[in-house]
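# Examination of the molecular architecture
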Amino acid sequence: MTRDSGNGARDGDDVVVARPRRTAWMGGVLGVALLAVFTVVAVLLRGSDSGAIFHLSDQIAMVFVGLLLGLACASFGTPKVRADSRGIDVRNVGITRHFDWDEVLSVSFPDGASFARLELPDDEYYPLLAVQAVDRHRAVEAVRGLRRLHRRAGQD
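Residues numbered from 1 in each chain as written. Predicted model: local features only at pLDDT ≥ 70, side-chain atom pairs only at ≥ 80, totals over all residues. Heavy atoms only, no water.

### A look at the nonpolar core
- V81, I88, L118, L128, V131 and L146 are the most contacted members of the largest nonpolar core, which totals 22 residues.
- Listed by contribution, the elements that provide at least two residues to this core are β2 (16-18), β3 (80-84), β4 (87-92), β7 (115-120), β8 (124-132) and α3 (137-155).
- Counting residues per element, this core draws most heavily on α3, at five residues.
- For L128, the contacting residues outside a window of four places in its chain are V81, I88, V90, N92, V107, F115, A116, R117, L118 and L146. (Core = buried A, V, L, I, M, F, W, Y, C linked by side-chain atoms within 4.5 Å. Buried < 20%, exposed > 50% of the residue type's maximum accessible area, 1.4 Å probe, protein only. Helix = DSSP H or I, 4+ residues; strand = E, 2+ residues; numbered from the N terminus. Contact = heavy atoms within 4.5 Å.)

### Brief notes about helix α2 (residues 56-74)
- The terminal C-alpha atoms of α2 lie 27 Å apart, and with 19 residues this matches the ideal 27 Å at 1.5 Å per residue to within 8%.
- Those residues of α2 lying buried are Q59, G66, G70 and C73. One side of α2 holds all its buried residues, which, seen down the axis, span an arc of 60°. Facing away from the buried side of α2 by more than 90 degrees, the exposed set consists of I60 and L71. (Expected span 1.5 Å × (residues − 1). Arc of directions from axis to C-beta.)

### Observations concerning the packing of helix α1 (residues 22-45) against α2
- In contact at an axis separation of 7 Å, α1 and α2 are set at 175° when each is read in the N-to-C sense. With respect to α2, the element α1 is oriented roughly antiparallel. Residues G27, G28, L30, G31, L34, L35, F38, T39, V41, A42, V43 and L45 of α1 lie in contact with α2, whose contacting residues are Q59, M62, V63, V65, G66, L67, L69, G70, C73 and A74.
- Across the contact of α1 with α2, the residue classes break down as 15 nonpolar, seven polar and no charged. (Axes fitted to C-alpha atoms, helices over the stretch in contact; angles between N-to-C directions. Parallel < 35°, antiparallel > 145°, perpendicular 65-115°, else oblique. Nonpolar A, V, L, I, M, F, W, Y, C, P; charged D, E, K, R; others polar.)

### Examining the sheet that holds β8
- If you walk across this open sheet you meet the three strands as β6-β7-β8, and the pairing is antiparallel. Taken across any chain shown, the strands that pair with only one partner, and hence form the sheet edges, are β6 (106-108) and β8. On average, adjacent strands in this sheet sit at an angle of 25° to one another, irrespective of strand direction.
- Across six bridges, the pairing between β7 and β8 is antiparallel. Residue pairing across strands places E119 opposite Y125, the latter belonging to β8. (Pairing = 2+ DSSP bridges.)

### Concerning the side chain of D84
- The topology assignment puts D84 in strand β3.
- Given a relative accessible area of 4%, D84 falls into the buried group.
- Within the structure, the side chain of D84 is placed 3.3 Å from the side chain of R82, a separation counted as a polar contact.
- Polar side-chain contacts of D84 include one of 2.9 Å to the backbone nitrogen of R86. (Polar contact = N/O pair within 3.5 Å; in protein donor to acceptor, adjacent residues only side chain to side chain.)

### Digging into a nonpolar patch on the surface
- Taken together, the side chains of F64, L67, L68 and L71 make up a nonpolar region of the molecular surface, amounting to roughly 390 Å² of accessible area.
- By secondary structure assignment, the location of L67 is in helix α2.
- Given the relative accessible area of 37%, L67 is considered partly exposed. (Patch = residues over 30% accessible without salt bridge, like charges linked within 9 Å, V, L, I, M, F, W, Y side chains within 5 Å. Areas by Shrake-Rupley, 256 points an atom, 1.4 Å probe, with all protein chains shown as cover. Salt bridge = Lys/Arg side-chain N within 4 Å of Asp/Glu carboxyl O.)

### Thoughts on the packing of aromatic side chains
- Within the structure shown, the criterion is met by one aromatic pair.
- The lysine or arginine in question, R117, covers the ring of Y125, its NZ or CZ lying 4.1 Å from the ring centre. (Phe/Tyr/Trp six-rings, centres within 6.5 Å; stacked < 30°, edge-to-face > 60°. Lys NZ or Arg CZ within 6 Å of the ring centre and 35° of its normal.)

### Brief notes about unusual backbone geometry
- The backbone of D123 shows a phi angle near 55°, a positive value even though the residue is not glycine.
- Assignment of secondary structure puts D123 in the loop between β7 and β8.
- Under the relative-accessibility criterion, D123 is labelled exposed at 83%.

Here it is as structure tokens:
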């Protein structure tokens, strides 16, 4: 979590930015490992004595599948939360949404949950994949910062 006064916020406003750390690191490592394994298998396919005949196109397809799976794993490191006095922007895997603070009832981190969430009207919630329990103190700081901004927005 970082706080700054730039990025489109009014002067003097706190800005809370949170990103997953451990999940991003693990997703990147797993993505590289998958690409490496699929590449090694693709190279070794040509010399297989299994009775099946593998061509260059099969090898290229194996590397491509490894690349796709690697990118899919690495994408779990892309979530981001950015909040200021006007609202909160939540980028989860593949989806970005903006919520004004008056749309949000609270910011919660339920016991046993893997990530924080925004409590919305009508018993709905929106997950904050960037604020994860495995990030421990960083997640606590992010939730405290988001709650502080939510509380300030409600007082105005």
